[in-house]
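Descriptive analysis of the structure
In case you want the letters, here they are:
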Amino acid sequence: MSRPNRQEVLLVIEKALSEVLERPITGLTEETALFDELQLTSLTVLGLLMTVEEATGISIDPEQLDIDHLRTMRSFADYVEAALREGEGTS
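Just so it is clear, the structure is predicted and the values come from calculations on it, not from any experiment. (Residues numbered from 1 in each chain as written. Predicted model: local features only at pLDDT ≥ 70, side-chain atom pairs only at ≥ 80, totals over all residues. Heavy atoms only, no water.)

Details of the packing of aromatic side chains
- Scanning the model with the defined rule gives 1 aromatic pair in all.
- Aromatic side chains Phe76 and Tyr79 sit 6.5 Å apart centroid to centroid with 10° between the ring planes, which places their arrangement in the stacked category. On the criterion of helical spacing, the pair formed by Phe76 and Tyr79 is a turn pair, its members being 3 residues apart in helix α4 (residues 73-90).
- The buried category is assigned to Phe76, whose relative accessible area is 0%.
- Given a relative accessible area of 16%, Tyr79 falls into the buried group. (Phe/Tyr/Trp six-rings, centres within 6.5 Å; stacked < 30°, edge-to-face > 60°. Helix = DSSP H or I, 4+ residues; strand = E, 2+ residues; numbered from the N terminus. Buried < 20%, exposed > 50% of the residue type's maximum accessible area, 1.4 Å probe, protein only.)

Some words on the confidence of the model for the chain
- This prediction gives the chain a mean pLDDT of 92; 96% of its residues lie at or above 70.
- Averaged pLDDT values over the elements of the chain bottom out at 89 in α4 and peak at 96 in helix α1 (residues 6-21). (pLDDT = per-residue confidence, 0-100.)

Examining the nonpolar core
- The biggest cluster of nonpolar side chains holds 26 residues, and the ones touching the most others in it are Ile13, Leu17, Leu34, Leu48, Val52, Phe76 and Val80.
- Here this core takes 7 residues from α4, the largest share from any one element.
- With residues up to four places along the chain from it excluded, the contact list for Val52 reads Ile13, Ala16, Gly57, Ile58, Ile60, Phe76 and Val80. (Core = buried A, V, L, I, M, F, W, Y, C linked by side-chain atoms within 4.5 Å. Contact = heavy atoms within 4.5 Å.)

Observations regarding unusual backbone geometry
- Not every positive phi belongs to a glycine, and Glu22 is a case in point at roughly 55°.
- Note on placement: Glu22 falls in the loop between α1 and α2 (34-38).
- Looking at Glu22, the relative accessible area reads 73%, which means it is exposed.
- Non-glycine residue Gln39 carries a positive phi angle of around 55°.
- As for its position among the elements, Gln39 is in the loop between α2 and α3 (42-56).

Dropping the structure here:
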């Protein structure tokens, strides 16, 4: 499978947020603040990480994840894209 483009990564995150928060999440921008605007909790963050891992095939180590990676859609998409690039080198 080819690496998803930026728009596809954002859609994966948006879909994962809808699943985890159990409500439709649409129209997010890269500036959307995940905690402030979507009221993420530590529990929903874990669900988000697991859902994104499943959808993309990447492995996210919560120990390596910094709160800044989850600040906005942009910062989390950057993190996911970096993980996807890393994963390409190991297969």
